[in-house]
Amino acid sequence: MLEGEAEAPSNIAIVKYWGKRNSALNLPLNDSLSISLEALKVRSKVVFDPELSKDKVRVNGVKLSDEEVKSYASRVLDRMREISGKSIYAVVDSWSNFPSSAGLASSAAGIAALTLASSDALGLKMDPKELSKIARLGSGSACRSVYGGFVIWHSGARDDGEDSFCEQIFTHDHWRDLVDLIPIFTDEKKRISSRKGMSVSVETSNLMKCRLEFVRETLPSVLDSIRNRDAKKFFEMTIRHSNSMHAIMMDSFPPLIYLNAMSLKVIDSFGDGKIAGYTFDAGPNPHVFTLRKDAESVEKTLIELGATKVIKSDISAGPRVGKKGVDENN
Ligand code: ADP
Ligand code: DP6
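Analysis parameters
The numbers attached to residues start from 1 for each chain and follow its sequence in the written order. Ligands are numbered from 1 and chains lettered from A, in the order in which they are written. Note on the predicted model: pLDDT of at least 70 is required for a residue's local features to be given, and 80 or more for side-chain atom pairs to be given and counted; whole-chain, interface and lining totals, by contrast, use all residues. Excluded from the side-chain calculations are hydrogens and water; all other atoms, namely the structure's heavy atoms, are used. UniProt positions are given in the numbering used here, feature names are shortened, and annotations may be inferred rather than shown by experiment. We call a residue near a molecule or strand when any one of its heavy atoms sits within 4 Å of it. Whenever a nitrogen or oxygen atom comes within 3.5 Å of another N or O atom, the pair is scored as a polar contact, on the condition that within protein one atom can donate a hydrogen and the other can accept it, and that pairs from neighbouring residues in sequence are kept only if both atoms are in side chains. Note on areas: Shrake-Rupley, 1.4 Å probe, and residue coverage restricted to the protein chains presented here. Here a helix means four or more residues in a row that DSSP labels H or I, a strand means two or more in a row labelled E, and each is numbered from the N terminus. In this classification, Asp, Glu, Lys and Arg are treated as charged, Ala, Val, Leu, Ile, Met, Phe, Trp, Tyr, Cys and Pro as nonpolar, and every other residue, Gly included, as polar. Type-normalised accessible area, obtained with a 1.4 Å probe on protein chains alone, sets the label of each residue: buried when under 20%, exposed when over 50%, and partly exposed for intermediate values. Here a strand pair is declared whenever DSSP counts at least two bridges between the two strands. All domain edges in this entry derive from an automatic or database-based domain assignment. The definition used for a disulfide is geometric: two cysteine sulfur atoms within 2.5 Å.

An unreviewed UniProt entry lists the chain under the name Diphosphomevalonate decarboxylase, with Sulfuracidifex tepidarius as the source organism. Turning to the chain, the UniProt annotation filed under Sequence similarities (unreviewed entry) states: "Belongs to the diphosphomevalonate decarboxylase family."

The following block contains the structure:
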């Protein structure tokens, strides 16, 4: 039996990935940019066992269906088997350090942790760039969780995906004053998956072309705002990029509405970008970036708006491979 273990951070995209040019390889239509989060981590243990007849995955003790395993984890494991030349199935156990009932997506961190743990188990010595390409096969956003700090995912142009990988652009301590507040308004889970949703958008949204142009044009100023630690510009760009993706969702047919009344209140409260910048993925709970000095007042507003809990996250230094990285609270 071959065993490996790793822990990876979740990431939140500032410039979002919403639309693929190739679904089998998870090749995106646009570059995206994310921040890895210290407070939301997933640890995965992988055991390759010659006795198994298929891959098995448990997340926080709950067994995933064969269909789910096939469309996500096994895409990573298949590639690892191909590279190592070992045709052995694996059993994967995965835990998040935050409650699964919080409605926070954890697949990116989970798939990244699985990628690192399986490479460790098979004794493959791969650099993060290669690992990001493999994590991408499991779930697009997972390729960014292979790194800490600020991460860019280059969409690439090749059909085989060899130029679609991630790199770290700034380390976790580049902007120490920046914090992410994650208010929990709902643990509602019923929604269309990102995978399904983005394919509906690619097929039906007339605004998609316009958004791709917007991303191309504004990515340099997002990078500048981070490089210069320009909070005002960063908040504005964070808000604009989130709104741009949600406009595409609304413009899809049938429309995709991931935001709820609470989300609109957050938009209303922080939309001027003066002290914070919000961003929403395919769900109603926001990530609200602010400077450390304003965190308390932003948190107070979020609680007044109805948040039952506010998770405060620093920027993650990156994943850890091996048992040493295990979080004692897990
Ligand atoms: P998202 O995080 O993208 O919102 P889900 O939480 O529904 O979406 O996860 C999508 C799929 O990712 C799940 O169906 C499951 O197959 C896979 N997945 C999620 N977490 C893990 C994990 N920790 N390890 C392996 N696969 C996972
Ligand atoms: C809204 O990475 O979950 O979070 O590649 O099909 O697995 P698949 O999709 P996924 O989509 C994430 C979409 C998003 C935006 C983002 O993280 O960039």
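Undergrad: How should I be thinking about the site of ligand 1 in this particular structure?
TA: Taken together, Val57, Val59, Leu64, Glu68, Tyr72, Ser94, Ala105, Ser106, Ser107, Gly110, Ile111 and Arg191 make up the full set of residues adjacent to ligand 1. Ser94 places a polar side-chain atom, nitrogen or oxygen, 2.8 Å from a nitrogen atom of ligand 1. Between Arg191 and ligand 1, the recorded distance is 2.7 Å, taken from a side-chain N or O atom to an oxygen atom. Taken by itself ligand 1 offers 560 Å² of open surface, and the protein chains cover 81% of this. Elements that contribute at least two residues to the shell around ligand 1 include exactly β5 (56-59) and α3 (107-121). With three residues, α3 is the largest single contributor of residues to the shell around ligand 1. Along the lines of polarity and charge, the residues of the shell around ligand 1 split into six nonpolar, four polar and two charged.

Undergrad: How should I be thinking about the pairing of strand β8 (residues 150-153) in this particular structure?
TA: It is a general feature of regular strands that their side chains alternate between the two faces of the sheet. Side chains of β8 alternate between two faces, with Phe150 and Ile152 and Val151 and Trp153 buried alike. Relative to β8, strand β4 (residues 32-48) is paired through four bridges, and the arrangement is antiparallel. Bridge pairing in β8 places Ser34 opposite Val151. As judged from the four bridges shared by β8 and strand β9 (residues 166-170), these two strands associate in the antiparallel manner. Bridged to Trp153 within β9 is Cys166.

Undergrad: In this structure, what is going on with the site of ligand 2? I would like to understand it.
TA: Neighbouring ligand 2 are 17 residues; Tyr17, Lys20, Ser139, Gly140 and Ser141 lie closest to it. Lys20 places a side-chain nitrogen or oxygen 2.6 Å from an oxygen atom of ligand 2. Within the side chain of Arg144, one N or O atom sits 2.7 Å away from an oxygen atom of ligand 2. Its free accessible area being 460 Å², ligand 2 has 94% of it covered by the protein chains. If you tally residues by element for the shell around ligand 2, the top one is helix α5 (residues 194-204), at three residues. A class-by-class count of the residues in the shell around ligand 2 yields seven nonpolar, five polar and five charged. For the shell around ligand 2, the domains that each give at least three residues are domain 1 (2-175) and domain 2 (178-313).

Undergrad: What should I look at first to understand the state of the cysteines in this one?
TA: Joining two cysteines, a disulfide is a covalent bond between their sulfur atoms. The full count for this structure, using the stated rule, is zero disulfides. Sulfur of Cys143: no disulfide; nearest cysteine sulfur belongs to Cys166 and is 3.1 Å away. Of the residues examined, Cys143 reaches a relative accessible area of 0% and is grouped as buried.

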